[in-house]
Amino acid sequence: MLASIPSASLLGVEGHPIDVEVHVGAGLPGVTVVGLPDTSCRESRDRAKAAFGSVGHRWPPQKVTVNLAPSGMRKNGGALDLAMAVGVLVASGGLPADAVAGLGFLGQLGLDGAIRRFPGVVPLVDAMQTTGVVVPTECAREAALVGRHVVRPVAHLQELLAALRGDEPWPVPPDPLPRSDRRHELDLADVRGHPVARLALEVAAAGAHHLLLVGPPGSGKTMLARRLVGLLPDLDQAGALEATRAHSAAGVALPADGLVRRPPLRAPHHSASLVSLVGGGTSLLRPGEASLAHAGVLFLDELAEFKADALDALRQPLEEGVVRVSRARAAVSYPARFLLVGAMNPCPCGEGRSGACRCSDGARARYARRLSGPLLDRFDLRLDVARPDAGDLLSGARGESSADVA
Ligand SMILES: Nc1ncnc2c1ncn2[C@@H]1O[C@H](COP(=O)(O)OP(=O)(O)OP(=O)(O)O)[C@@H](O)[C@H]1O
Ligand SMILES: [Mg+2]
Ligand SMILES: [Zn+2]
């Protein structure tokens with residue numbers, strides 16, 4: 001018998017609808033998965049098989065063929081387990097086909113039959129064209145953000161079967177969490193003095209200008225840069241969904257209410273690889289820091305210490321607002337429109353000013369070469385940050401707060 005179960009697979013930060021077609025019929029017992037599955041899809045097969053045992057169901061002792069349609073696209077099995085298990089149940093006569101009508105299935109299976117969360121809930125649910133979507137209970141709130149489906153949360157395969165057979169009612173979705181407006185962001189009020197730097201932050205925030213801070217150690221570059229994001233306004237609904245999609249696809253923890261409403265601040269360490277910075281990777285095409293910073297701030301502290309190839313790779317997103325990654329079977333683009341903030345010392349010893357600087361000419365020249373001109377050209381504003389006056393630091397007067405400035 002044949003069953004076709006709607007599900008979805010992630011390509012970059014976008015979900016694509018997939019039909020999991022399952023045929024159970026005569027032939028040597030075994031499972032074949034076709035339709036460009038990646039290795040994680042084969043694991044789906046093994047997990048589905050093990051989970052069957054846990055709910056007291058016999059895996060059909062027949063030839064099981066799973067086809068993932070459309071066949072042209074490389075599939076990632078992150079959320080396909082559940083559709084595969086349900087498909088085998090329907091195709092082997094364990095569930096009537098009308099029990100699953102109008103439903104799509106997204107979920108990873110544990111060997112014990114537990115239905116577990118997977119990366120990319122928002123984009124995957126968004127790709128589903130069914131009225132109802134069955135998701136792991138842990139993901140139900142995220143799934144509800146899309147707002148177009150009846151969300152059916154389940155925690156275990158047993159629970160799912162009971163609901164599909166009509167033995168038990170569907171579990172009730174959890175209440176949406178109250179929207180948390182509290183800003184956890186650092187406040188400009190902590191910064192003493194630095195009137196010029198404050199103005200520069202304001203200008204950068206208002207005009208979306210990339211900002212480079214140059215100054216000696218301890219002058220407050222890191223402190224100032226981390227406070228820029230607090231001056232940006234809340235994201236609009238479209239921006240919030242885009243940012244949430246990128247976070248969701250990368251498997252990064254979302255805020256309590258599930259939606260990224262504040263512009264994100266990402267500050268990757270200077271040892272970050274090209275892939276972690278711009279995204280990509282061999283099998284799973286994941287978004288990188290540049291996309292996680294979409295609609296927010298990408299802060300590169302100690303800019304001169306970053307790997308040259310990683311910095312070079314940022315030039316494309318800086319120009320186009322997207323990262324494009326292509327592989328033999330797939331080309332994806334991730335949104336990556338961010339405000340770039342860099343911080344660096346003026347020279348290797350950090351002092352910069354003639355007289356104070358202890359660097360050799362050679363060392364200074366090597367340092368300058370570390371940053372390719374084209375990247376430096378991307379900064380619209382360059383701010384020389386001097387150590388604040390001892391007087392300002394000691395005065396105890398707090399500066400104007402971020403809320404007042406924004
Ligand atoms: N204007 C300021 N107001 C209050 N505290 C300050 C100010 N400037 C510096 N500080 C204090 O000095 C510390 C060092 O500042 P910060 O780390 O921002 O300097 P930096 O310029 O990034 O230095 P480095 O080049 O070593 O990274 C901060 O933790 C902060 O407590
Ligand atoms: Mg610093
Ligand atoms: Zn120096």
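Residues numbered from 1 in each chain as written. Chains lettered and ligands numbered in written order. Predicted model: local features only at pLDDT ≥ 70, side-chain atom pairs only at ≥ 80, totals over all residues. Heavy atoms only, no water.

(A) Representation of the coordination of the zinc ion (ligand 3). Looking at the zinc ion (ligand 3), the protein donor atoms are Cys347 (SG), Cys349 (SG), Cys357 (SG) and Cys359 (SG), and they sit 2.1 to 2.4 Å from it. In this structure, the zinc ion (ligand 3) is surrounded by four donor atoms whose angles at the metal cover 103 to 115°, and the resulting shape is tetrahedral. Sequence spacing of the donor residues for the zinc ion (ligand 3), all on one chain, is C-x1-C-x7-C-x1-C. Note that Cys349 is positioned in the loop between strand 17 (339-344) and helix 13 (361-370) and Cys359 in the loop between strand 17 and helix 13, a separation of ten residues in sequence. A single burial state applies to Cys349 and to Cys359, both of which are buried. (Donors = N, O, S within 2.8 Å, 3.2 Å for Na, K, Ca; no water. Tetrahedral: all angles 85-135°; square planar, octahedral: opposite > 155°, others 65-115°. Helix = DSSP H or I, 4+ residues; strand = E, 2+ residues; numbered from the N terminus. Buried < 20%, exposed > 50% of the residue type's maximum accessible area, 1.4 Å probe, protein only.)

(B) Main features of the sheet that holds strand 11 (residues 265-266). The parallel open sheet is built from five strands, whose spatial order is 11-14-17-10-18. With partners counted over all chains shown, the strands left at the sheet margins are strand 11 and strand 18 (381-384), one partner each. For strand 10 (residues 211-214) and strand 18, the ladder comprises four bridges, and the chain directions are parallel. By the bridge assignment, Leu213 is partnered in strand 18 with Leu383. Strands in contact with helix 6 (residues 195-207) are strand 10, strand 17 and strand 18; relative to strand 18, the strand with the most contacts, it is inclined by about 165°. (Pairing = 2+ DSSP bridges. Contact = heavy atoms within 4.5 Å. Axes fitted to C-alpha atoms, helices over the stretch in contact; angles between N-to-C directions.)

(C) How the structure looks around helix 8 (residues 237-250). With 14 residues, helix 8 should cover 20 Å at 1.5 Å per step; its first-to-last C-alpha distance of 20 Å lies within 8% of that length. Among the residues of helix 8, Gly239, Ala240, Ala243, Thr244, Ala246, His247, Ser248, Ala249 and Ala250 are the ones counted as buried. Positive phi shows up at Gly251, right after helix 8, with a value of about 75°. (Expected span 1.5 Å × (residues − 1).)

(D) Summary view of the pairing of strand 10. The alternating pattern of strand 10 places Leu211 and Leu213 and Leu212 and Val214 on opposite faces, both of which are buried. Here strand 10 pairs with strand 17 via four bridges, running parallel. If you follow Val214 over to strand 17, its bridge partner there is Met344.

(E) Focus on the pattern of salt bridges. In total, this model carries 14 salt bridges according to the counting rule given. The partner of Arg315 in a salt bridge is Asp312, and the shortest N-O contact between them spans 3.4 Å. A single salt-bridge network, built from bridges that share partners, covers Glu43, Arg47 and Asp81. (Salt bridge = Lys/Arg side-chain N within 4 Å of Asp/Glu carboxyl O.)

(F) How the structure looks around the domain arrangement of the protein chain. For the protein chain, the assigned domains read domain 1 (2-164) and domain 2 (188-405). For domain 1 and domain 2, the distance between their C-alpha centres works out to 40 Å. Taken residue by residue, the interface counts 15 residues in domain 1 and 21 residues in domain 2. Together, Gly12, Val13 and Leu145 form the three largest contributors to the area buried by domain 1 at its contact with domain 2, with a combined 36%. Where domain 1 packs against domain 2, one counts one salt bridge. Of the charged contacts, one joins Asp126 and Arg245 as a salt bridge, the two residues approaching to 3.1 Å between their closest N and O atoms. Mapped onto the side of domain 1 that touches domain 2, the elements with two or more residues apiece are strand 1 (2-11), helix 3 (121-127) and helix 4 (140-146). Sorting elements by how many residues they give to the side of domain 1 that touches domain 2 places helix 3 first, with four residues. Looking at the side of domain 1 that touches domain 2, its residues break down into nine nonpolar, three polar and three charged. (Domains from an automatic or database assignment. Buried area = accessible area lost by both parts, 1.4 Å probe. Nonpolar A, V, L, I, M, F, W, Y, C, P; charged D, E, K, R; others polar.)

(G) Just the side chain of Arg227, in detail. Looking at where Arg227 falls in the secondary structure, it is placed in the loop between helix 7 (221-225) and helix 8. Looking at Arg227, its side chain comes within polar contact range of the main-chain oxygen of Asp187, at 2.7 Å. When sequence neighbours within four positions are dropped, the list of residues in contact with Arg227 reads Leu186, Asp187, Leu188, Asp190 and Val191. (Polar contact = N/O pair within 3.5 Å; in protein donor to acceptor, adjacent residues only side chain to side chain.)

(H) Molecular detail of the site of ligand 1. Taken together, 16 residues lie near ligand 1, and Arg192, Gly218, Lys221, Thr222 and Met223 sit nearest. Gly220 is positioned such that a nitrogen or oxygen atom in its backbone is 3.0 Å from an oxygen atom of ligand 1. Considering ligand 1 on its own, with 630 Å² of exposed area, one finds that the protein chains cover 67% of that surface. The element that contributes the greatest number of residues to the shell around ligand 1 is helix 7, accounting for three residues. Looking at the shell around ligand 1 residue by residue, the class counts come to six nonpolar, six polar and four charged. (Near = heavy atom within 4 Å. Areas by Shrake-Rupley, 256 points an atom, 1.4 Å probe, with all protein chains shown as cover.)

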